[in-house]
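Given next are the chains, with one letter for each unit.
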Amino acid sequence: MEIDLQSNGAKWRWSLLISVVFLNVCLPSLVLAYGVLWVHLANLDVPLWLGFAAPTFYLLSYSLTQCWFREAADSWGGTVGYRVMAAIGLIVVVASLFICAFVPLYLQPVIYGIFGGLGSSLISAQVDAVIFETYDSRVGIVRGICCTGQAVGQSLFPHILSVLINYYGYTYSFIVLAGIILQALPAIILLKIDSNLRRSTLYSRHTDFYKSYTGFQNDGADNYFTAELQLNDLSKKSWKSPSDDNSHGEADDIEEFIDAVGTITPPPSPEEKRRNIFGVDILPEIPEESEESEEDVEQGAPLKESFNNQRRISNAIKRLSTLGDNLDEYITKQVNTEEDCSVHDNKEYSELEVTFETISPITDIHREKVFNTFSFRCQSTVTNIKRRLGIPSYRMYRLRRRLTYLMYSITDTFIKPLTRSLSCWRFYPALLLRFAKLCLSAVSLTLLPMIAQQVRPKIAMFETNFLMSLHGFSWICFLLSTPWLVQTQKRNFKYVVVIGLKVATAACFVFSETNSHDSFAIGCVVSGLGFGAVASCCDTAVQDFVGARKWAKIQSTLETLSASLLTLFVVGLSFVISREGGFQYSMFLIGIVMSVITIVWLILAAVALYDTKLKYLRLKWPW
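The sections below set out a description of the structure shown in this document.

Quick notes on the rules
- Residues numbered from 1 in each chain as written.
- Predicted model: local features only at pLDDT ≥ 70, side-chain atom pairs only at ≥ 80, totals over all residues.
- Heavy atoms only, no water.
- Core = buried A, V, L, I, M, F, W, Y, C linked by side-chain atoms within 4.5 Å.
- Buried < 20%, exposed > 50% of the residue type's maximum accessible area, 1.4 Å probe, protein only.
- Helix = DSSP H or I, 4+ residues; strand = E, 2+ residues; numbered from the N terminus.
- Contact = heavy atoms within 4.5 Å.
- Disulfide = S-S within 2.5 Å.
- Patch = residues over 30% accessible without salt bridge, like charges linked within 9 Å, V, L, I, M, F, W, Y side chains within 5 Å.
- Areas by Shrake-Rupley, 256 points an atom, 1.4 Å probe, with all protein chains shown as cover.
- Salt bridge = Lys/Arg side-chain N within 4 Å of Asp/Glu carboxyl O.
- Lys, Arg positive; Asp, Glu negative; His and termini not counted.
- Charge placed at Lys NZ, Arg CZ, Asp CG, Glu CD.
- Axes fitted to C-alpha atoms, helices over the stretch in contact; angles between N-to-C directions.
- Parallel < 35°, antiparallel > 145°, perpendicular 65-115°, else oblique.
- Left-handed = near helix turned anticlockwise from the far one by under 90°.
- Nonpolar A, V, L, I, M, F, W, Y, C, P; charged D, E, K, R; others polar.
- Phe/Tyr/Trp six-rings, centres within 6.5 Å; stacked < 30°, edge-to-face > 60°.
- Lys NZ or Arg CZ within 6 Å of the ring centre and 35° of its normal.
- Expected span 1.5 Å × (residues − 1).
- Bend = angle between axes of the 7 residues up to and from the residue.

The next point concerns the nonpolar core. One finds I181 and I590 to be the most contacted residues of the largest nonpolar core, which totals 122 residues. In terms of residue count, helix α19 (residues 427–454) provides more of this core than any other element does, 17 residues in total. Beyond its immediate sequence surroundings of up to four residues, I590 is in contact with C439, V443, S444, L447, C508, F569 and L573.

Here is the structure:
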C-alpha cells in the first residue's frame, strides 16, 4: 500500500535532523544549566528567591504561549513560514540575552525568563510541526534523538557558562552567550519541508483523531471481501438509462464505456427529466384532437379572424368608457375639495412683494456671532457626542472587533478546555505527572550547584560542572533504550514512568542528606537516570492514560495549569531557601511531593496491570 511505501521509503534528511538536534542542544540548556548563573548571581548580593524564580518564569511563559503557537503553526507553515517564525523566536531569545547585559541585576532574571521562554516556545512549535510533517513514521526515534540533544546541551553548557563568566565577567557574558545562541540561525534556515513528500493522515500530529473518525474506505475493495459501505464511482454510471447501471456489468463493457465517454459528464436522460421530486413519472402533454375534418377547419379560419376583430373593438370601447367615467370622478372630487376649502377658510389672502429692503441679509459678522454663542456650542457638542456614540469611527470598530476576537480566542484556548478538563478525573493524575517533570527540570537541576557550594568540604565550581555533566551522561545512558521504547506499546509507558519517579524520588532524598563529594556524585547519577525516564516517557504515558480523543482537548490546559502549579510551588520554596540549610530542606520537600505522585501513579499502574494481565490469568488459573 501507499502508506507502507511511504514509511519504508521515507528519507532521514540528515540536514534537517542535524538542525533540529542543534536547536535542542542550545535552547533547553538555558533552563537546564541555569544553576551555574544562579551561583554567580547570588554572590552579587541579589536576593536568592529572585534568581531561583528565573527558570519558573521561563517555563511559565513557555507553557502559556505554547498552546497558541502550536495551533497557529499550521497556518504559518509552508516553504518559508516555519523558518520565518522560528527566526523571529530566535531573535527574541538573543535580544533578551543582550538586554540582560545592560539592565540592573534584579531585572535580569525576569527578562531572562519571560522573553527567553516566549522565543523558545515559538521555535519549539515550528520544530515540532516540521518533525511531524517530515518524519511521519519515525516520530518516536526522532523524539529520542532530540532528548539526546538536550542531554548533551545540559552536559556542555555548565562548562561554557563558567568559562564565559570567568573570562568576561557575569554581566558581559550574556553578550557572548547571545552570540553563541545566534549561531542557531543557520539551523533554522534548514527547517524546510520537502513539498514532494505528501504526508499521510494516518501518520501526523492528529493520528489518533483520524483513526478514530475514519468511517468508510475503499482500500482493498477490489481484492478483499469487506463489510464496509462501498462508495460508488459515478464514472461507471449509464447515463442512457438510469435503470441500467454498468457498475454491475462486465468489466470489458465498463472499460469500453469509459473509453467512449471519457471525462465528459452527459446531460440527464429524458426519463429523469420526466420524473418529479417524488420519483413519479410525468407523462408528456398530448394535444387533444378535434372531431372536425380538415376542410371544416380551413373554412372556419376566416370566420375566426372576423370574430377576433370584433372582440378587439368591443374591448377598446369598454376601455374608453372606463376612462371617461374615471375623468368625471376626478373632476367631481376636485370641485368638492375647492368648495370645502372656501367654507372652512373665509380669510382673504393678500400678496406680499418680497424685495431687498424687506429681508435683511445674514452677514459674516452675524454668522460669527451665532456660532460663538454658548447655546450653539452646547448644541454642537451634544450633537458630536451623540454622533460618536451612535456612529463610532472605523478605528473604534476595528478595536472592538479585535477585542472580541481576543476574548473568543482566550475562551477557546483556556476557559473551555479548563471546564472540560476539570470534569474528567483522569486529568488530575496527568497534571501531577506533568508537574513532576517540570519540577525536576526547573527546581532540582537549579538547586544542584547551590547544594554543591554548601557541602563540606566545599566542591569547586569545576567539579560541580563535571558532576552536572555526569547527570546529563546518565540521562544519555537511559536514552540508549529509545529504539526499544519506540517498539513498545503505549500502555507500557506508565510502568517506565513509575520506575523513573521512584528513582528521581530517591535522588531527591539523597541530595537532601548529602554531606560529601561521593554522596553528591551518586545523587547526580541516580537523578540523571530518573529524570531521563520521566522526561522521555511523560507525554506518551499521559496521552495513553487520558485517551486519544481527550488528549487534544486537555493538552493546553495540562501545560498551563502545570506551569501555574509550579509557580505556586516555587513561591512557597522561596521562603525556605533563604534560611540556613534551605537548599537541602527544599530538596527534601521536593522528595515528599515526588513520593505522593509516585504513590498515585503506582496505584494506577497496578490497576492497569490487573485489568490487562492478572485478571485474565486468574480466570484461566486451574483451581
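Following the criterion strictly, the structure yields zero disulfides and no others. Counting only cysteine sulfurs, C439 is the nearest neighbor of C508, a cysteine outside any disulfide, at a range of 7.2 Å. The structure places no disulfide on C538, whose sulfur is separated from the nearest cysteine sulfur, that of C537, by 9.1 Å. Of the residues examined, C538 reaches a relative accessible area of 0% and is grouped as buried.

The next subject is a positive patch on the surface. Judged by side-chain charge, R395, R398, R401 and R402 come together as a positively charged surface patch. One can find R395 in helix α18 (residues 394–422). Judged by relative accessible area, which is 68%, R395 ranks as exposed.

Before going further, it helps to spend a moment on the packing of helix α23 (residues 517–546) against helix α24 (residues 548–573). Between α23 and α24, whose axes approach to 8 Å, the crossing angle comes to 125 degrees. Between α23 and α24, the angle falls in the class oblique. The crossing of α23 and α24 is right-handed. Across from D539, V542, Q543 and V546 in α23, the residues of α24 making contact are A548, K550, W551, I554 and L558. Partitioned by chemical class, the residues of the contact of α23 with α24 number six nonpolar, one polar and two charged.

Counted according to the given criterion, the structure contains 16 aromatic pairs. Both rings, one in W425 and one in F545, keep their centres 5.9 Å apart while their planes meet at 90 degrees; by these two values the pair is edge-to-face. Of this pair, W425 sits in the loop between α18 and α19 while F545 sits in helix α23, and the two are 120 residues apart along the sequence. On the accessibility criterion, W425 (51% relative accessible area) is exposed. Residue classification places F545 among the buried residues on the basis of a relative accessible area of 8%. Linked through ring pairs, Y34, Y112, Y170 and F174 together constitute an aromatic cluster. For R426, the ring lying beneath its charged end belongs to F545, and the centroid distance is 5.0 Å. One residue, R579, lies across the ring of Y585, its end atom 4.6 Å from the ring centre.

Further remarks concern the side chain of H471. With respect to the helices, strands and loops of the structure, H471 is situated in helix α20 (residues 461–479). Ignoring any residue separated from it by four or fewer positions in sequence, one finds H471 in contact with Q154, L445, L448, C524, S527, G528 and F531.

Before going further, it helps to spend a moment on the environment of L529. Within the secondary structure, L529 sits in helix α23. Measuring from C-alpha to C-alpha, the distance between L529 and L501 comes to 10.0 Å, with 28 residues separating the pair along the chain. With residues near it in sequence (within four places) discarded, L529 still touches S474 and V503.

Let's shift gears to unusual backbone geometry. With an omega of 0 degrees, the peptide bond between R456 and P457 qualifies as cis. Positionally, P457 belongs in the loop between α19 and α20. In this structure, D45 is a non-glycine residue whose phi angle is positive, near 60 degrees. Here D45 shows up in the loop between α4 (34–42) and α5 (48–52).

Taken together, the side chains of W68, M396, L399, L403 and L406 make up a nonpolar region of the molecular surface, amounting to roughly 450 Å² of accessible area. Counting residues per element, the nonpolar patch draws most heavily on α18, which supplies four residues. Mapped onto the fold, L403 is located in helix α18.

Attention now goes to the pattern of salt bridges. Across all of its chains, the model carries five salt bridges by this definition. Put simply, R434, K437 and D539 are held in one network by salt bridges that share partners.

Glancing now at α24. Compared with the 38 Å implied by 1.5 Å per residue over 26 residues, the 36 Å span of α24 between its first and last C-alpha is a close match. Along α24, the sharpest change in direction is near 50 degrees and occurs at I554.

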